[in-house]
Amino acid sequence: MLMTIRTSLTAMAADVVSHSLNLLETLKESIENNKLSDVKDAVEDLLISRINLAVAGERGPEKSAFINALRGLGPEDEGAALSPCPTSPEEMAIYPNPKHPDFRIWDLPPTPAASPFDPEGYMERVKFLRYNVVVMAFTQSLQANSVAVFLEARSVQRDTVYFALLASEKDTEKGLEERRKASLELLKVQGVALPKVFLVRPSCLEKLDFPGLLEEMERDLPEIRAHALLLALPTLSPVLITQKRDAFKALVWAAASLSGGVSAIPVPLVASMVDARVGVRILTKTRASLCLDDESVERLARQRGMEPARLKALRTCNLSAEVTKGEVKLRLAAAEKELTTNTTRLVEMAMPRHARSAGRSFTVMLQALNEAIDEMVVDAEKILAAAGVGEGK
């Protein structure tokens, strides 16, 4: 048992250091520089996924489907974006995520086709600069005025603006490529260096270019915002599940560092173990992010024409079905019981310098929550595979 624990802890430390390296290094730097308030803010931002993402362009079934897909919804689900859209063509509409209320998607009106066109005026009217990400969406031809807005955004150092050609179910790959080629030509003519247009099929975001678009967003957004977005998106592919796992392990490291005694975060020791409240918050977020809750599993089954019970039966981790304080306390207590002085030392390499005097509580939380996350990830991967999500191009 001891050898198993040592092996697990060694792998755990290596896993935390090697995955989500940029995020982890950002958090470690803040801890080492005694910027504990920055770490607390980062933990809170990741837990609530505070992101404003805007989709600008003509309203129609493809745009509504795209907005819904980003929230894991179908057209029949409560709160889904409708087509035709009931909002006035000149007005903005907001769609919060039912599981991540601080992840808001804004439906922006299209840029006017009239000339002359004032891109600054349009940006001011739709409050363009308040969004973390803006996707300039179109279904047929890219409009010159949309490119003007893109260039204006770049002139004020706003790099998180992207062009997406939304595909309908009837569109062929050949037709989409022809439209993309024409759009790229327009971008070049208007002076856009290294132009990119992403092909996105709202009904299957895991296919075509959406994974590449997501990678661009992750590179361009500030570290914490990029991971907050990642955690708020539905489980579109096995790769995304792995990225979510790594982000959650970085989040656990930060929370464990704070709970280890380096800050006043409210995680007191109760009966020689870390209070379960923060663990419950993290694992509840993990469950929602991995789409393991009943509502998400039932929705996926409905979308794939499957029996919900078949997918639910794949959840073998208790926390995948329900996160309770009692279950989290049991896991923390088990981790506390299994620890020895030697195993505690094994994770010192993963600890902030100022936390080493409180290494036991740090290790307990790291051990217990990371193992729980691994189990929940396995369940999410099984459900995704059974539903056939992420297969093929």
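Only a predicted model underlies this, so the values are computations on that prediction, with no experimental measurement involved.

## Digging into the pairing of strand S4 (residues 133-138)
Phase 1 of the analysis: Within S4, 6 of the 6 residues are buried, which leaves the element mostly enclosed by the surrounding structure.
Phase 2 of the analysis: Neither face of S4 is left uncovered, since the one carrying Val 133, Val 135 and Ala 137 and the one carrying Val 134, Met 136 and Phe 138 both have all their residues buried.
Phase 3 of the analysis: For strand S1 (residues 51-56) and S4, the ladder comprises 4 bridges, and the chain directions are parallel. Bridge assignment links Ala 54 to a residue of S4, and that residue is Val 134.
Phase 4 of the analysis: In this view, the connection linking S4 to its parallel neighbour strand S5 (residues 161-166) by way of helix H6 (residues 144-155) has right-handed handedness.

## Observations concerning the side chain of Glu 62
Phase 1 of the analysis: For Glu 62, the location among the structural elements is in helix H4 (residues 61-70).
Phase 2 of the analysis: An unpaired buried charge is present at Glu 62: no salt bridge exists, and Arg 179, the closest side chain of opposite charge, is 7.7 Å distant.
Phase 3 of the analysis: Ignoring anything within four residues of it in the chain, the contact list for Glu 62 reads Thr 139, Leu 166, Ala 167, Ser 168 and Pro 202.

## Some details on the confidence of the model for the protein
Phase 1 of the analysis: Per-residue confidence for the protein gives a mean pLDDT of 83, with 80% of residues at or over 70.
Phase 2 of the analysis: Low confidence marks residues 1-21, where pLDDT is under 50. Its contacts with residues over four positions away, or in another chain, come to 36 contacts.
Phase 3 of the analysis: Note on residues 261-274: pLDDT is under 50 here. Beyond four places in sequence and across chains, it has 34 contacts.

## Structural notes on the side chain of Asp 293
Phase 1 of the analysis: Mapped onto the elements of the fold, Asp 293 is located in the loop between helix H11 (277-289) and helix H12 (294-303).
Phase 2 of the analysis: Residue Asp 293 is classed as buried on the basis of its relative accessible area of 10%.
Phase 3 of the analysis: A polar contact is formed between the side chain of Asp 293 and the side chain of Lys 99, at a distance of 3.4 Å.
Phase 4 of the analysis: Engagement of the side chain of Asp 293 in a polar contact is seen with the side chain of Ser 296, the distance being 2.8 Å.
Phase 5 of the analysis: Those residues in contact with Asp 293, other than ones at most four positions away along the chain, are Lys 99, Arg 287, Ala 288 and Arg 315.

## Topic: the nonpolar core
Phase 1 of the analysis: By size, the foremost hydrophobic cluster in this structure holds 86 residues, and its most contacted members are Leu 53, Phe 66, Val 200, Phe 210, Met 217, Leu 229 and Leu 283.
Phase 2 of the analysis: The element that contributes the greatest number of residues to this core is helix H17 (residues 359-387), accounting for 14 residues.
Phase 3 of the analysis: Residues from two domains meet in this core; each of domain 1 (17-48 + 235-387) and domain 2 (51-227) gives at least three.
Phase 4 of the analysis: Beyond its immediate sequence surroundings of up to four residues, Phe 66 is in contact with Val 55, Val 135, Leu 166, Val 200, Pro 202, Leu 205 and Phe 210.
Phase 5 of the analysis: With 28 residues, the next largest nonpolar core counts Val 149, Ala 153, Leu 165 and Leu 199 among its residues.

## Description of the pattern of salt bridges
Phase 1 of the analysis: In this structure the tally under the stated criterion is 23 salt bridges.
Phase 2 of the analysis: Ionic pairing is found between Glu 216 and Lys 196, a salt bridge with its closest N-O pair at 2.4 Å. You can see Glu 216 sitting in helix H8 (residues 210-220) and its partner Lys 196 sitting in the loop between helix H7 (173-189) and strand S6 (198-200), a full 20 residues away along the chain.
Phase 3 of the analysis: Residue classification places Lys 196 among the partly exposed positions, given a relative accessible area of 44%.
Phase 4 of the analysis: Its salt-bridge partner being Glu 298, residue Lys 312 comes within 2.6 Å of it at the nearest N-O pair. With Lys 312 in helix H13 (residues 308-312) and Glu 298 in helix H12, this pair connects stretches of sequence that are 14 residues apart.
Phase 5 of the analysis: A network of salt bridges, in which partner residues are shared, links Glu 76, Asp 77, Glu 295, Arg 299 and Arg 302.

How each quantity is defined
- Residues numbered from 1 in each chain as written.
- Predicted model: local features only at pLDDT ≥ 70, side-chain atom pairs only at ≥ 80, totals over all residues.
- Heavy atoms only, no water.
- Buried < 20%, exposed > 50% of the residue type's maximum accessible area, 1.4 Å probe, protein only.
- Helix = DSSP H or I, 4+ residues; strand = E, 2+ residues; numbered from the N terminus.
- Pairing = 2+ DSSP bridges.
- Right-handed = clockwise from strand over helix to strand, strands pointing away.
- Lys, Arg positive; Asp, Glu negative; His and termini not counted.
- Salt bridge = Lys/Arg side-chain N within 4 Å of Asp/Glu carboxyl O.
- Contact = heavy atoms within 4.5 Å.
- pLDDT = per-residue confidence, 0-100.
- Polar contact = N/O pair within 3.5 Å; in protein donor to acceptor, adjacent residues only side chain to side chain.
- Core = buried A, V, L, I, M, F, W, Y, C linked by side-chain atoms within 4.5 Å.
- Domains from an automatic or database assignment.

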